[in-house]
Amino acid sequence: TMRLKLSSSPSEHGLWSEVWRIGLEEGPAALWKGIGSSLVLVLNPVIQFAVYDFVKRRIVGVRLQKLTASLAASEAFFAGAMAKSV
């Protein structure tokens with residue numbers, strides 16, 4: 001999409017014609033440039049979510065013994081803080 005914005009002559013057909021052109025001129029691998037860095041940027045939120053979910057399940061597991069399955073605000077804050085600290 002960046003090439004579409006930076007091209008001096010705007011394409012008449014839009015995004016798909018530009019994708020087709022890049023695929024033909026530079027090869028299919030050019031369409032996937034940058035996927036590695038995108039996956040690295042997604043890694044931190046994925047880890048945070050996994051830790052949050054783990055902590056939440058542990059808290060809810062303890063609360064199920066007391067017959068209350070929902071998290072209090074302070075418990076949700078604690079789970080979020082633990083996830084952020086990892």
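Analysis parameters
- Residues numbered from 1 in each chain as written.
- Predicted model: local features only at pLDDT ≥ 70, side-chain atom pairs only at ≥ 80, totals over all residues.
- Heavy atoms only, no water.
- Helix = DSSP H or I, 4+ residues; strand = E, 2+ residues; numbered from the N terminus.
- Contact = heavy atoms within 4.5 Å.
- Areas by Shrake-Rupley, 256 points an atom, 1.4 Å probe, with all protein chains shown as cover.
- Core = buried A, V, L, I, M, F, W, Y, C linked by side-chain atoms within 4.5 Å.
- Buried < 20%, exposed > 50% of the residue type's maximum accessible area, 1.4 Å probe, protein only.
- Salt bridge = Lys/Arg side-chain N within 4 Å of Asp/Glu carboxyl O.
- pLDDT = per-residue confidence, 0-100.
- Expected span 1.5 Å × (residues − 1).
- Patch = residues over 30% accessible without salt bridge, like charges linked within 9 Å, V, L, I, M, F, W, Y side chains within 5 Å.

Visitor: Quick question: what am I supposed to make of the overall build of the protein chain here?
Guide: In terms of helices and strands, the protein chain carries four helices and zero strands. In the protein chain, the succession of α and β elements from N to C terminus is α-α-α-α. Contacts in the protein chain between residues far apart in sequence, at least 24 positions, make up 32% of those at least 6 positions apart. Accessible area for the protein chain stands at about 7,100 Å²; split by element, carbon and sulfur atoms hold 68% of it.

Visitor: Help me understand the nonpolar core, please; the structure alone is not making it clear to me.
Guide: General note: in soluble globular proteins, nonpolar side chains tend to be found buried as a group. The biggest cluster of nonpolar side chains holds five residues, and these are V51, V55, I59, A79 and A83. Per-element tally for this core: the top contributor is helix α3 (residues 35-64), with three residues. Excluding residues within four positions of it along the chain, V55 makes contact with F78, A79 and M82.

Visitor: What is the right way to read the pattern of salt bridges from this model?
Guide: Following the criterion strictly, the structure yields four salt bridges and no others. One salt bridge connects R21 with E18, and the closest N-O pair in it is separated by 2.6 Å. Remark: E18 and R21 occur in helix α2 (residues 15-26); sequence separation between them is three residues, near one turn of the helix. Overall, the relative accessible area of 29% leaves R21 in the partly exposed class. Between D53 and R57 there is a salt bridge, with the nearest N and O atoms lying 3.2 Å from each other. One end of the pair, D53, and the other, R57, are both in helix α3, four residues apart, so they sit about a helical turn from each other. Through salt bridges with shared partners, a single network forms among E18, R21 and E25.

Visitor: What exactly am I supposed to notice about the confidence of the model for the protein chain here?
Guide: Reading fine detail from the predicted coordinates is not recommended where pLDDT is low. This prediction gives the protein chain a mean pLDDT of 82; 78% of its residues lie at or above 70. Ranking the elements of the protein chain by mean pLDDT puts helix α1 (residues 2-6) last, at 55, and α2 first, at 90.

Visitor: I'm lost on the environment of F49 in this one. Help?
Guide: Relative to the helices and strands, F49 resides in helix α3. Sequence-wise, F49 and K84 are 35 residues apart; in three dimensions their C-alpha atoms are separated by 9.0 Å.

Visitor: Would you explain α2 in this entry?
Guide: Side chains three or four residues apart in an α-helix point the same way, a direct result of the helix having 3.6 residues per turn. The first and last C-alpha atoms of α2 sit 16 Å apart over 12 residues, in line with the 16 Å expected at 1.5 Å per residue. Of the residues one or two after α2, G27 is the one with positive phi, at around 95°.

Visitor: What am I meant to see in a nonpolar patch on the surface here?
Guide: A cluster of nonpolar side chains, contributed by L31, W32, I35 and L39, occupies part of the molecular surface with about 440 Å² of accessible area. When its relative accessible area of 59% is taken as the criterion, W32 is described as exposed.

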